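Residues per chain, in single letters:
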Amino acid sequence: MRRSTPISDAGRLIAIAAETDRDWFLIAIDPRLDELDRAHFPSAAEAERVARGYLRRNHPVLAMGSC
């Protein structure tokens, strides 16, 4: 049986890290992560770190009231 790990950010499911025979790959749920879909990683933790970092760098959340 293959293992999988949900990846969430701010309480929202953004991706799934799924195990292969050799490594883990990311299944993007959030369309902002489409560029990372099916990318391979050495661990589920690394897939999670990269996915969250990608969102922070490429899709930063603006503070309320800022212009």
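See above for the structure.
Below: a short report on this structure. (Residues numbered from 1 in each chain as written. Predicted model: local features only at pLDDT ≥ 70, side-chain atom pairs only at ≥ 80, totals over all residues. Heavy atoms only, no water.)

## Comments concerning the overall build of the protein
Next, step 1: Counting secondary structure elements, the protein contains 1 helix and 4 strands.
Next, step 2: Counting from the amino terminus, helix and strand elements in the protein follow one another as β-β-β-β-α.
Next, step 3: Seen through its principal axes, the protein has C-alpha atoms that stretch 50 × 20 × 20 Å.
Next, step 4: Within the span of the protein, comprising 67 residues, buried residues form 31% of the whole.
Next, step 5: Of the contacts formed within the protein by residues at least 6 apart in sequence, a portion of 15% connects residues at least 24 apart.
Next, step 6: Only carbon and sulfur atoms are counted for the fraction: they give 54% of the accessible area of the protein, which is about 4,800 Å².
Next, step 7: Side-chain charges of the protein comprise 10 positive and 10 negative groups, with the mean position of each set lying 3 Å from the other. (Helix = DSSP H or I, 4+ residues; strand = E, 2+ residues; numbered from the N terminus. Buried < 20%, exposed > 50% of the residue type's maximum accessible area, 1.4 Å probe, protein only. Contact = heavy atoms within 4.5 Å. Areas by Shrake-Rupley, 256 points an atom, 1.4 Å probe, with all protein chains shown as cover. Lys, Arg positive; Asp, Glu negative; His and termini not counted. Charge placed at Lys NZ, Arg CZ, Asp CG, Glu CD.)

## Structural notes on the layout of surface pockets
Next, step 1: Approximately 160 Å³ is the volume found for the largest pocket.
Next, step 2: Lining the largest pocket, in full, are D9, A10, R12, I14, D30, R32, L55, R56, H59, P60 and V61.
Next, step 3: Going through the elements one at a time, β2 (12-19) and α1 (44-58) are the ones with two or more residues in the lining of the largest pocket.
Next, step 4: The residue inventory of the lining of the largest pocket, partitioned by class, reads 5 nonpolar, 1 polar and 5 charged. (1 Å grid on protein atoms, 1.4 Å probe; cavity = no way out; pocket = protein on both sides within 12 Å on 5 of 7 lines; lining within 4 Å. Points joined across faces, edges and corners; volume = space filled by probe spheres on them. Nonpolar A, V, L, I, M, F, W, Y, C, P; charged D, E, K, R; others polar.)

## Let's talk about the nonpolar core
For soluble globular proteins, nonpolar side chains are generally found buried alongside one another.
Next, step 1: Residues I7, I14, L26 and L33 are the most contacted members of the largest nonpolar core, which totals 16 residues.
Next, step 2: Those elements that provide at least two residues to this core are β2, β3 (24-28) and α1.
Next, step 3: Looking at this core, the element that brings in the most residues is α1, giving 6 residues.
Next, step 4: Here I7 is in contact with R12, L13, I14, A15, I16, A17, L26, A47, E48 and A51, once residues within four sequence places are set aside. (Core = buried A, V, L, I, M, F, W, Y, C linked by side-chain atoms within 4.5 Å.)

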